[in-house]
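Architecture and fold: a report
One letter stands for each residue in the lines below.
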Amino acid sequence: MRGNIALITLAAALAGPALAHAQEAPEVIEAPATAQVEPAQAEPVAAPSAGDPWQGFNRSMFAVHEGVDQAVLEPVARGYRAVTPSPLRSGVRNFLRNLRGPVIFANDVLQGEAERGATTAARFVLNTTIGIAGVFDPAASMGLEYHDEDFGQTLAVWGVGAGPYLFVPLMGPSNVRDTTGRIIDSVLDPLSYLEGDDAGAFRATRGVLTGVSVREQLLETVDDVRRDSLDPYSTFRSSYELLRESAIQNGRTDVQDLPDFDENLESDDPGQPDSGEYSQHSASIETPVTANLLDASETKPTSHATTGEKK
């Protein structure tokens with residue numbers, strides 16, 4: 001969505017994105033017949049649902065995030081795209097993905113995914129060495145495709161319910177389970193234990209780079225939603241939930257009708273497919289989370305109607 005976060009989390013936010021579709025569309029409350037509302041100005045107002053009982057708070061936080069995003073995050077992302085060549089942006093993404101390798105491996109193991117864990121371990125070794133600290137991705141050319149995992153997904157596999165939907169400025173779409181998972185992921189991340197004068201600066205730089213990189217990949221997606229959706233909040237929430245469920249099910253859930261979060265996250269430039277897979281968050285989003293996402297870490301986007309069914 002992956003500290004995925006502070007600024008890293010920012011991207012997971014709209015990643016935003018980037019991801020359970022067990023919830024029906026919220027009921028739309030019609031304006032009273034006596035209200036004089038111009039058709040072009042009318043906007044749907046959704047009532048709180050079982051999956052989003054904190055909708056009033058979430059919408060307020062979404063408005064705050066939108067303000068910060070349009071004033072700061074989006075301009076920075078556009079500037080980053082303008083001054084950074086596509087191959088360099090791809091190298092930054094590869095580098096950030098590689099840093100998440102130990103966290104992904106830990107969650108593969110915790111989910112009982114031995115084969116995926118072996119793939120993650122092999123990718124980390126190859127890309128850290130031959131790929132020069134992960135800037136290049138030779139593992140993909142050997143058939144070892146990238147996938148993302150986080151502790152929120154692990155909890156879902158273990159049967160933990162998603163809990164209420166939650167939107168936090170600079171962190172983005174989440175829920176109670178996945179927010180808890182992000183905390184645990186920081187504990188699983190070896191970089192959290194770095195010590196020394198430069199450790200804090202390195203973690204902060206990683207967070208900023210993740211946030212800017214994920215937000216840049218989501219420029220077209222966010223623009224499309226803002227332009228075409230009558231209720232961007234609901235669109236982002238629904239997309240996040242479905243994309244998150246797809247991530248939990250390792251891509252087996254059909255999300256083809258959603259905005260192309262993954263397509264944007266996987267491309268060096270709009271419409272240009274990347275050789276690697278961004279897996280979610282998702283936007284994932286590390287899920288700064290969003291920003292994280294975004295987690296993600298690359299944050300990627302995530303689920304809230306998940307029942308915890310095992311993969």
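Residues numbered from 1 in each chain as written. Predicted model: local features only at pLDDT ≥ 70, side-chain atom pairs only at ≥ 80, totals over all residues. Heavy atoms only, no water.

Moving on: the nonpolar core. Ranked by size, the top nonpolar core spans ten residues in total: Phe62, Tyr165, Phe167, Val214, Leu218, Val222, Val225, Tyr233, Phe236 and Tyr240. Looking at this core, the elements with two or more residues in it are strand E3 (165-168), helix H10 (219-228) and helix H11 (232-248). The element that contributes the greatest number of residues to this core is H11, accounting for three residues. Tyrosine 233 has contacts with Asp52, Gln55, Asn58, Arg59, Phe62 and Tyr165, leaving out every residue within four places of it along the chain. (Core = buried A, V, L, I, M, F, W, Y, C linked by side-chain atoms within 4.5 Å. Buried < 20%, exposed > 50% of the residue type's maximum accessible area, 1.4 Å probe, protein only. Helix = DSSP H or I, 4+ residues; strand = E, 2+ residues; numbered from the N terminus. Contact = heavy atoms within 4.5 Å.)

Turning next to the packing of aromatic side chains. Tallying each qualifying case throughout the model produces six aromatic pairs. Centroid distance phenylalanine 62 to phenylalanine 167: 5.3 Å. Interplanar angle 80°. Geometry classified as edge-to-face. Of the two residues, phenylalanine 62 is situated in helix H2 (residues 55-83) and phenylalanine 167 in strand E3; the sequence distance between them amounts to 105 residues. Measuring from centroid to centroid gives 6.1 Å for tyrosine 165 and tyrosine 233, while their planes differ by 80°, and the two rings are edge-to-face. With tyrosine 165 in strand E3 and tyrosine 233 in helix H11, this residue pair connects regions lying 68 residues apart in the sequence. Of note, arginine 97 hangs over the ring of tyrosine 146, and the distance from its end group to the ring centre comes to 4.5 Å. (Phe/Tyr/Trp six-rings, centres within 6.5 Å; stacked < 30°, edge-to-face > 60°. Lys NZ or Arg CZ within 6 Å of the ring centre and 35° of its normal.)

Time to look at the pairing of E3. In this sheet, strand E4 (residues 172-175) lies alongside E3 in antiparallel orientation, the contact comprising four bridges. The residue bridging tyrosine 165 from the neighbouring strand is asparagine 175, located in E4. Following E3, the chain reverses through three residues before pairing antiparallel with E4; leucine 170 in that reversal takes a positive phi of roughly 70°. (Pairing = 2+ DSSP bridges.)

The subject of this paragraph is the packing of H2 against H10. Put simply, H2 and H10 touch, their axes get as near as 11 Å, and they point 140° apart. With respect to each other, H2 and H10 are oriented oblique. Judged by the sense of rotation from one axis to the other, the crossing of H2 with H10 is left-handed. Residue-level contacts link Glu66, Asp69, Gln70, Glu74, Ala77, Arg78 and Arg81 of H2 to Leu219, Glu220, Asp223 and Arg226 of H10. Tallied by class, residues from the contact of H2 with H10 come to two nonpolar, one polar and eight charged. (Axes fitted to C-alpha atoms, helices over the stretch in contact; angles between N-to-C directions. Parallel < 35°, antiparallel > 145°, perpendicular 65-115°, else oblique. Left-handed = near helix turned anticlockwise from the far one by under 90°. Nonpolar A, V, L, I, M, F, W, Y, C, P; charged D, E, K, R; others polar.)

To continue, consider the environment of threonine 179. Within the secondary structure layout, threonine 179 lies in helix H8 (residues 176-188). On a C-alpha basis, the gap between threonine 179 and phenylalanine 151 in space is 9.4 Å, while along the polypeptide they are 28 residues apart. Excluding anything up to four places from it in sequence, threonine 179 contacts Leu166, Met171 and Ser174.

Turning next to the pattern of salt bridges. Within the structure shown, the criterion is met by 20 salt bridges. The partner of aspartate 148 in a salt bridge is arginine 100, with the nearest N and O atoms 2.9 Å apart. Placement of the pair is aspartate 148 in the loop between helix H6 (138-141) and helix H7 (151-157) and arginine 100 in the loop between helix H3 (86-99) and helix H4 (101-110), with a sequence separation of 48 residues. There is no split in this pair, since aspartate 148 and arginine 100 are both buried. In the salt-bridge network here, residues are joined through shared partners; they are Glu66, Asp69, Glu74, Arg78, Arg215, Asp223 and Arg226. (Salt bridge = Lys/Arg side-chain N within 4 Å of Asp/Glu carboxyl O.)

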